Amino acid sequence: MAKEAVKYVWEGAIPLQIHLHKSDVASHPSPPPALVLAPRIGYLPLLIPLIKPYFKDSLPPGEDSIWFDYKGFPLKWYIPTGVLFDLLCAEPERPWNLTIHFRGYPSNILIPCEGEDSVKWNFVNSLKEAQYIINGNCKNVMNMSQSDQEDLWTSVMNGDLDAYTRLSPKLKMGTVEDEFSSLSSPQTRQVVAETDVAGQVKTARIPVRLYVRSINKDFENLEDVPEVDTWDDISYLNRPVEFLREEGKCFTLRDAIESLLPEFIGDRAQTSGEERSMDETEEADGSRETGEIKLVRIQGIEVKLEIPFSWVVNNLMNPEFYLHISVLVKAPQR
């Protein structure tokens, strides 16, 4: 089961319908949109070699400064494509309609991108950050030969899980044991919880990137979620999850998210659809208002919050060893 989950993550893709922005159209009639299958673990700039030839006869002369938007909202190129989709499409849109621009780069919103080189730099830098969180240093990434580093990056670009699985153990990221034996599967690429001399498990550190959309108005259905107008509407948290396993208790995804979001949710947060007893409601009314988790997505999956966090880590991490979590929160009423 676990091996299948990792395989599905690597094979996951989003159908895109790419429109050329009208200001970049230098032909008549305008070209029809391009249809592309985008890997979830990939990045939008890596699609440019597929998309640009399609539109080349319609482009005006000049130097390219390529970027993408969704309904006019500029997309950050260094966030994996699947994460952008999970974050911006509460109700999944298929195909996902994006617009490509070849001019007018919004440098006041997006950091510069020099194509594949920038994406590769971002990937390697994230790999170093993840290893520092896990091991306390990034020497294994730094000491990786240039050819191995290049092959690792190529495996990610090509979605080659077999090649990645051969190379990633050289990073010595360790493993984390699933808390339910029925879900356990040794993974040489994940985080390990250390044990002290008494055999007790020490705190494990899991690299997490959390993207939180906080909605102020109430809504019943995901299709009623308002569109994102600015990146200021999204809180981005780059924090490790630290947990110590307690005997007889499973550390869940809920535990992980609540440890990361006390300022949004608090200890007594309610999950969408979760019922409370009268006593719990009265206790909550006596304290500050809390938010409500409306949606949690990882790798396109609407994950149950009671799932063991160890299983999530072992199976749903991205290749740079970060766990990307998209959360939709109904903001507390003041």
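A quick note: this is a predicted structure, and the numbers were derived from the prediction, not measured.

Re the overall build of the protein
And then number 1: Helix and strand counts for the protein come out as 10 helices and 11 strands.
And then number 2: The long-range fraction of contacts in the protein, counting pairs at least 24 apart against all pairs at least 6 apart in sequence, stands at 70%.
And then number 3: Within the structure as shown, the protein displays about 16,800 Å² of accessible surface, and the carbon and sulfur contribution to it stands at 49%.

Side note on the sheet that holds strand E5 (residues 96–101)
And then number 1: Strand order in the open sheet formed by 5 strands is E2-E1-E5-E3-E4, and the pairing between neighbours is mixed. Each having just a single partner strand, strand E2 (34–39) and strand E4 (73–74) make up the two edges of the open sheet.
And then number 2: Pairing of strand E1 (residues 13–20) with E2 involves 6 bridges; the strand directions are antiparallel. Residue pairing in the sheet places Ile-18 in a bridge with Ala-34 of E2.

Structural notes on the nonpolar core
And then number 1: In this structure, Phe-309 and Ile-325 are the most contacted members of the largest nonpolar core, which totals 59 residues.
And then number 2: Leave out the neighbours within four places in its chain, and Ile-325 touches Val-208, Arg-209, Leu-210, Tyr-211, Leu-253, Ile-257, Val-296, Arg-297 and Ile-298.
And then number 3: Counting residues in hydrophobic clusters, the runner-up holds 33 residues, among them Ala-34, Ile-66, Tyr-70 and Leu-87.

Brief notes about the environment of Val-9
And then number 1: Relative to the assigned elements, Val-9 resides in helix H1 (residues 2–11).
And then number 2: A relative accessible area of 7% means that Val-9 is categorised as buried.
And then number 3: Spatially, the C-alpha atom of Val-9 lies 9.9 Å from that of Ile-298, the residues being 289 residues apart in sequence.

With respect to the pattern of salt bridges
And then number 1: Taken as a whole and judged by the stated rule, the model has 12 salt bridges.
And then number 2: Residue Glu-258 is joined to Arg-254 by a salt bridge in which the shortest nitrogen-to-oxygen separation is 3.8 Å. In this pair, Glu-258 and Arg-254 both sit in helix H8 (residues 253–260), 4 residues apart, roughly one turn of the helix. Pair check on accessibility: Glu-258 and Arg-254 agree, each one buried.
And then number 3: Salt-bridge contacts for Glu-302 lead to Arg-297; the nearest nitrogen and oxygen are separated by 3.3 Å.
And then number 4: What makes Glu-302 partly exposed here is its relative accessible area of 47%.

Quick word on the pairing of E5
And then number 1: Of all 6 residues making up E5, 5 are buried, and the element is well covered by its neighbours.
And then number 2: As judged from the 5 bridges shared by E1 and E5, these two strands associate in the parallel manner. In the sheet register, Ile-18 faces E5, and the bridge partner there is Leu-98.

Rules used in this analysis
- Residues numbered from 1 in each chain as written.
- Predicted model: local features only at pLDDT ≥ 70, side-chain atom pairs only at ≥ 80, totals over all residues.
- Heavy atoms only, no water.
- Helix = DSSP H or I, 4+ residues; strand = E, 2+ residues; numbered from the N terminus.
- Contact = heavy atoms within 4.5 Å.
- Areas by Shrake-Rupley, 256 points an atom, 1.4 Å probe, with all protein chains shown as cover.
- Pairing = 2+ DSSP bridges.
- Core = buried A, V, L, I, M, F, W, Y, C linked by side-chain atoms within 4.5 Å.
- Buried < 20%, exposed > 50% of the residue type's maximum accessible area, 1.4 Å probe, protein only.
- Salt bridge = Lys/Arg side-chain N within 4 Å of Asp/Glu carboxyl O.

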